[in-house]
Amino acid sequence: MTEIVFPDHSNHLGTLFGGQALAWMDKAAFIAASRHARRTVVTARSARIDFSAPVPTGSIVELVARVVEVGRTSMQVEVELHCEDLPSGTSRLATRGRFRMVAVDGEGGRWKYV
């Protein structure tokens, strides 16, 4: 996924809100898990979120999500958020985290086997 950091995504320091970064990361994890399971999934847990560099307003953000572990009813997705400076084209890892996603039925209730 690719996003751009607009002023409404930023805090008073002119950098990306942590909550906005998490929302984008959760969305990327959802897409990767849904494609893997070919069914509806929901987030059960986010773990070990490391914010290693600020993401300034105006930056391009690239999110890379990979399914790294699959169980009977859930899977773990690792998501990396890379920050790209638009004028220079330089990119760096800004945030990394893991999300536990579970498959659910059509009503969003029962967990299904993945």
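The preceding data block contains the structure.
Every chain is numbered on its own, with residues counted from 1 as its sequence reads. Where totals are concerned, whole chains, interfaces and linings use all residues; where local detail is concerned, this predicted model gives features only for residues with pLDDT of at least 70, and gives and counts side-chain atom pairs only at 80 or more. Only hydrogens and water are set aside; all other atoms, that is, all heavy atoms of the structure, feed into the side-chain values.

## Details of the nonpolar core
Step number 1: To form a nonpolar core, buried Ala, Val, Leu, Ile, Met, Phe, Trp, Tyr and Cys residues must be joined to one another through side-chain atoms within 4.5 Å. When accessible area is computed with a 1.4 Å probe and restricted to protein chains, residues below 20% of their type maximum are described as buried, those above 50% as exposed, and intermediate ones as partly exposed. In this structure, Val 55, Leu 63, Val 77, Val 79, Leu 81 and Met 101 are the most contacted members of the largest nonpolar core, which totals 24 residues.
Step number 2: Of all the elements in the fold, those that place two or more residues in this core are α1 (18-37), β3 (60-70), β4 (74-84) and β5 (91-103).
Step number 3: A helix here means a DSSP run of H or I that spans at least four residues, while a strand means a run of E at least two residues long, and both kinds are numbered starting from the N terminus. Broken down by element, this core gets its largest block of residues, eight residues, from α1.
Step number 4: Working rule for contacts: check all heavy atoms of both residues, and any pair within 4.5 Å makes them a contact. The contacts of Met 101, once residues within four sequence positions are left out, are Asp 26, Ala 29, Phe 30, Ala 33, Val 41, Val 42, Thr 43, Thr 73, Ser 74, Met 75 and Val 77.

## What to know about the pattern of salt bridges
When charged atoms on two side chains of opposite charge get close, those side chains can pair.
Step number 1: The rule for a salt bridge is simple: a side-chain nitrogen of Lys or Arg has to be within 4 Å of a carboxyl oxygen of Asp or Glu. Per the counting criterion, the structure on display carries six salt bridges.
Step number 2: A salt bridge links Asp 50 to Arg 48; the shortest N-O distance between them is 3.1 Å.
Step number 3: Judged by relative accessible area, which is 31%, Asp 50 ranks as partly exposed.
Step number 4: Its salt-bridge partner being Arg 100, residue Glu 69 comes within 3.2 Å of it at the nearest N-O pair. Of this pair, Glu 69 sits in strand β3 while Arg 100 sits in strand β5, and the two are 31 residues apart along the sequence.
Step number 5: Overall, Glu 69 belongs to the partly exposed group, its relative accessible area being 38%.
Step number 6: You can call Arg 100 buried: its relative accessible area is 16%.
Step number 7: Residues joined in a network through salt bridges with shared partners are Arg 66, Glu 78, Glu 80, Arg 96 and Arg 98.

## A few points about unusual backbone geometry
Step number 1: With a phi angle near 55°, Arg 38 is a residue other than glycine that sits in the positive phi range.
Step number 2: Residue Arg 38 is classed as exposed on the basis of its relative accessible area, which comes to 67%.
Step number 3: Here the phi dihedral of Arg 48 falls at roughly 50°; this positive angle occurs in a residue that is not glycine.
Step number 4: The residue Arg 48 is located in strand β2 (residues 41-51) in this model.

## Examining the environment of Thr 90
Step number 1: Topologically, Thr 90 is positioned in the loop between β4 and β5.
Step number 2: Judged by its relative accessible area of 49%, Thr 90 falls in the partly exposed class.
Step number 3: With 61 residues separating them in the primary sequence, Thr 90 and Ala 29 have C-alpha atoms 24 Å apart.
Step number 4: Beyond its immediate sequence surroundings of up to four residues, Thr 90 is in contact with Cys 83, Glu 84 and Asp 85.

## Side note on the sheet that holds β4
Step number 1: Read across the sheet, five strands follow the order β1-β3-β4-β5-β2 without closing on themselves; strand pairing throughout is antiparallel. Among the strands making up the open sheet, the edge pair consists of β1 (2-4) and β2. Sheet twist, expressed as the mean angle between neighbouring strand axes with direction ignored, is 25°.
Step number 2: Here, strands pair whenever DSSP counts at least two bridges between them. As judged from the three bridges shared by β1 and β3, these two strands associate in the antiparallel manner. Of the residues in β3, the one forming a bridge with Ile 4 is Ile 60. Each axis is a line fitted through C-alpha atoms, taken for helices only over the stretch in contact, and angles between the N-to-C directions span 0 to 180 degrees.

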